[in-house]
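Geometric and topological summary
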Amino acid sequence: MLYQRTLWAGVIVGVVGLLIMLFSNMFMQTIGTYTFNGSNGFFFAVTHVYVLAAQGCLPFSAGLISAALVMRYLALDSPSSEQQKPEKTGNLPQV
């Protein structure tokens, strides 16, 4: 189902964002840089991609999880998803 895949995608993106945030200090100490000069352009770009990924993953994860919940609610609410109830055949005892 689409809502299950969306939910799992949201959970995975959230976990990735959380791991990026947890390891950001170690990353910044080893190869990160906030200043740009001609010699460290690559590390400057990698640092900015890393920081933006950490800031973008968690809100995007929350949006995916919310969308999955709405899709699940709409799938349960639609009349086509309801199970067909057996009709009574009129074999009721006569009084």
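The numbers attached to residues start from 1 for each chain and follow its sequence in the written order. Note on the predicted model: pLDDT of at least 70 is required for a residue's local features to be given, and 80 or more for side-chain atom pairs to be given and counted; whole-chain, interface and lining totals, by contrast, use all residues. Calculated side-chain values reflect all of the structure's heavy atoms, with hydrogen atoms and water omitted.

Helix and strand definitions follow DSSP, with helices as H or I runs of at least four residues and strands as E runs of at least two, each counted in order from the N terminus. In terms of helices and strands, the chain carries three helices and zero strands. Secondary structure elements in the chain, listed N-terminal to C-terminal, are α-α-α. For the chain, the residues scored as buried account for 18% of the 95 residues in total. Contacts were defined at the residue level, with two residues in contact if any of their heavy atoms lie within 4.5 Å. Counting contacts in the chain only where the partners sit at least 6 residues apart, residues at least 24 apart contribute 61% of the total. Values of accessible area rely on a 1.4 Å probe in the Shrake-Rupley scheme; residue burial ignores everything except the protein chains shown. Accessible surface, the chain: about 7,800 Å² in total, of which carbon and sulfur atoms supply 68%. Think of it in three bands: with a 1.4 Å probe and only protein chains considered, a residue is buried below 20% of the maximum accessible area for its type, exposed above 50%, and partly exposed in between.

Expected helix span is computed as 1.5 Å times (number of residues minus one). The terminal C-alpha atoms of helix α1 (residues 2–22), which comprises 21 residues, lie 30 Å apart, in line with the 30 Å expected from a rise of 1.5 Å per residue. Here α1 has its buried residues at Y3, T6, G10, G14, G17 and I20. Axial view of α1: buried residues confined to an arc of 125°, hence all on one face. Exposed side chains of α1 directed beyond 90 degrees from the buried face belong to R5, W8, I12 and L22. In this fold, the buried residues of α1 make contact with α2 (24–30) and α3 (41–77). Directions are taken from the helix axis to each C-beta atom, and the arc is the one they span.

On to the environment of A9, then. Residue position: A9 is located in helix α1. Placed 59 residues apart in sequence, A9 and A68 show a C-alpha to C-alpha distance of 9.6 Å.

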